[in-house]
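Working through the structure, step by step
Residue strings, one per chain:
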Amino acid sequence: MQLIVFKDHHDLSQQAAEEIIELVKRKPGAVLCLASGSTPLLTCELLVQKARAENIDLSSCTFIGLDEWVGIPPENEGSCAYFFHNQVFKHLNFSSSHIYLFNALSDSPQQECKEMDNVIFENGGIDLMLVGVGMNGHIGFNEPGISFDLYAHVAELDETTTSVGQKYFKEATELHQGITLGLKHLLESKKVLLLANGSKKAAVIQKALEGEITNRLPASIIRRHPNSTVMIDEEAAAMLKR
Ligand code: F6R
């Protein structure tokens, strides 16, 4: 694991967007997996700007959404699907047949998970996974206590996740379950970028990077990945001791 501390959210987002662009230049058929949320928002904006400025063709890439709120339709502005459509797909030439997002309304979420696992295996694995970290140390919807050995699965959401998650929705929304790639997908991804910004993430970043590697703090798994980069700003790095 490599740690890079940037001055601010803009600088780390710029670097993250650059890494995606460089990967696609090297490997036009790259398999990308992104989280949604506040942290990667600026990365997505800068990715759109850079890809347009440099005329980057993303039509051969495969795009995989990291997770989704079970029961929340894609038209809801708090869904991960809404985020990706608005921030990424409508601005860039991803091919719709190469976009894979969890269907949160599926009658069989277990089947959704199997299909997503198959998509990843059939496409040769994830080349780049870009994740954020929750206030409880989750990655995707891999909540505290989850096994490091799971692929896609349905998760019962932690109280922290359901309350912090309200920030994405216009009105109070009942959130109970998530559907998510598992930490085994993260471990098997060829490259992982973990992003965090702001002072509110400082405590969880300190625990993830300097505490025990444990499923009680899923983000600590990032230290088990041989090709991971933790990209944080000075505020998120403020509680690191070393
Ligand atoms: C969202 C996701 C979540 C977020 C995490 C941090 O797709 O996978 O794990 O990355 O909750 O959220 P923000 O970036 O909004 O602080």
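A short tour of the structure in this document, coming up.

The rules behind the values
Residues numbered from 1 in each chain as written. Predicted model: local features only at pLDDT ≥ 70, side-chain atom pairs only at ≥ 80, totals over all residues. Heavy atoms only, no water. Near = heavy atom within 4 Å. Polar contact = N/O pair within 3.5 Å; in protein donor to acceptor, adjacent residues only side chain to side chain. Areas by Shrake-Rupley, 256 points an atom, 1.4 Å probe, with all protein chains shown as cover. 1 Å grid on protein atoms, 1.4 Å probe; cavity = no way out; pocket = protein on both sides within 12 Å on 5 of 7 lines; lining within 4 Å. Sits in = over half its atoms within 2 Å of the grid points. Points joined across faces, edges and corners; volume = space filled by probe spheres on them. Helix = DSSP H or I, 4+ residues; strand = E, 2+ residues; numbered from the N terminus. Nonpolar A, V, L, I, M, F, W, Y, C, P; charged D, E, K, R; others polar. Buried < 20%, exposed > 50% of the residue type's maximum accessible area, 1.4 Å probe, protein only. Contact = heavy atoms within 4.5 Å.

Taken together, 15 residues are adjacent to the ligand, and T39, D67, H138, Y168 and K201 come closest. Interatomic distance of 2.9 Å between a backbone N/O atom of S36 and an oxygen atom of the ligand. Calculation on the ligand without its partners gives an accessible area of 410 Å², and the protein chains cover 94% of this total. Here the ligand occupies the largest pocket.

Moving on to the layout of surface pockets. Here the largest pocket is characterised by a volume of approximately 560 Å³. Put simply, the parts of the chain that give the lining of the largest pocket at least two residues each are α2 (38-53), β4 (67-69), α3 (80-89) and α5 (159-164). With 5 residues, α3 is the single largest residue contributor to the lining of the largest pocket. Across the lining of the largest pocket, the residue classes tally to 13 nonpolar, 16 polar and 5 charged.

Mapped onto the elements, G29 comes out in the loop between α1 (9-26) and β2 (31-34). Residue classification places G29 among the partly exposed residues on the basis of a relative accessible area of 38%. Sequence separation between G29 and T62 is 33 residues; the distance between their C-alpha atoms is 6.8 Å. When near neighbours in sequence (up to four residues on either side) are disregarded, G29 contacts S60 and C61.

All we've got here are geometric facts, nothing functional implied.
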